[in-house]
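Residues per chain are reported as follows:
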Amino acid sequence: MKGLTPQNCAVCGQPVVGRCRVDEWGQYFHEQCEFKPCINCGRVVAMGDLHLPHNRQVCSHCIDKVVQKDAHVQWVYDRVQEIFEKNFLSLPGRVPVEVVDPDRIVKLSRNNYDGRYPSGLTVSGGIGLFGAKMNHKVYMLDYQHKVVFGGVLAHELLHVWQNEHRVSLPPKYCEGFCNLGTYLFYSYLDNELSKKRAEKMMQEPDPIYGDGFREVKQIFETEGSRNLEKTIQILQTKAKQSKRIFRL
Ligand SMILES: [Zn+2]
Ligand SMILES: [Zn+2]
Ligand SMILES: [Zn+2]
């Protein structure tokens, strides 16, 4: 810190002297002040920021941009749909989206709770209306920044598409394809937060959500000719081939 202008701690607001820590956005804070990251951008949050139950918090940069109201949901939905259409994929009608709290989304996801709250959830079943074969609904976790919300919504809507078309792919292709939707949303927005999140996706170590996504992205950009529906067909063919090889 020597030679720098004195800074105030991003958590408690008091001047920072001596040893301190820094978050991924370059904000300084005392070693003894607790690091609680914003659920959206990862910045350390201040004591006066929004602290929600279940150890969730939203920083002052994100609070005005969270998606809660229907009008905001519709705005993000339209952007996602636009991006899918540009990449040659049409959704089965308008899929209802509901913003819910962590308790509700955990209840809805039944046995899938692994200690983390799902940020989105797709439920498909029964007979569809208005030209859709099935009935779909997407549940979205509350207090998500519109960039994050759009990324999650794009992921969920590609599950809807796969369910509607009865596409059954191995997890790395199924989730990898949904994550490609997230990545496309971030790429079209091209702002600081979306860039950071896109970079994280490129470094994600998970074999399904990371490696699977990057494999699907590679296929989309080469053989898939940046066409989402064509990419799904290629993935289905590849999945069948690997099953055949596996049986030999
Ligand atoms: Zn402090
Ligand atoms: Zn934030
Ligand atoms: Zn998924």
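Details of the structure are given in the entry above.
Residues numbered from 1 in each chain as written. Chains lettered and ligands numbered in written order. Predicted model: local features only at pLDDT ≥ 70, side-chain atom pairs only at ≥ 80, totals over all residues. Heavy atoms only, no water.

S.K.: Looking at this structure, I do not really get the coordination of the zinc ion (ligand 1). What am I missing?
M.R.: Ideal values differ by geometry: the angle at a metal is 109.5 degrees with four tetrahedral donors, but 90 or 180 degrees with six octahedral donors. Bound to the zinc ion (ligand 1) are the protein donor atoms C9 (SG), C12 (SG), H30 (ND1) and C33 (SG), situated 2.1 to 2.3 Å from the metal. Coordination geometry of the zinc ion (ligand 1): the four donor atoms subtend angles of 98 to 120° at the metal centre, consistent with an arrangement described as tetrahedral. Donor residues for the zinc ion (ligand 1), ordered by position in the chain, follow C-x2-C-x17-H-x2-C. Overall, C9 belongs to the buried group, its relative accessible area being 4%. Overall, the relative accessible area of 26% leaves C12 in the partly exposed class. (Donors = N, O, S within 2.8 Å, 3.2 Å for Na, K, Ca; no water. Tetrahedral: all angles 85-135°; square planar, octahedral: opposite > 155°, others 65-115°. Buried < 20%, exposed > 50% of the residue type's maximum accessible area, 1.4 Å probe, protein only.)

S.K.: Can you walk me through the packing of helix α1 (residues 70–86) against helix α4 (residues 171–189) in this structure?
M.R.: If you want to describe how two helices pack, look at the angle between their axes and the distance between the axes. The N-to-C vectors of α1 and α4 enclose an angle of 105°; their axes lie 10 Å apart at closest approach. Here α4 runs roughly perpendicular to α1, going by the angle between their axes. In this structure, α1 contributes V76, R79, V80, I83, F84 and K86 to the contact, and α4 contributes G181, L184, F185 and Y188. (Axes fitted to C-alpha atoms, helices over the stretch in contact; angles between N-to-C directions. Helix = DSSP H or I, 4+ residues; strand = E, 2+ residues; numbered from the N terminus. Parallel < 35°, antiparallel > 145°, perpendicular 65-115°, else oblique. Contact = heavy atoms within 4.5 Å.)

S.K.: I would appreciate a short explanation of unusual backbone geometry in the present structure.
M.R.: Excluding glycine, residues mostly carry a negative phi; peptide bonds, for their part, are mostly trans. We note that F88 has phi near 65°; this positive angle belongs to a residue other than glycine. Locating F88 in the fold gives a position in the loop between α1 and β8 (97–100). Phi at R166 is positive, roughly 50°, even though this residue is not glycine. Examined against the element boundaries, R166 turns out to sit in the loop between α3 (146–164) and α4.

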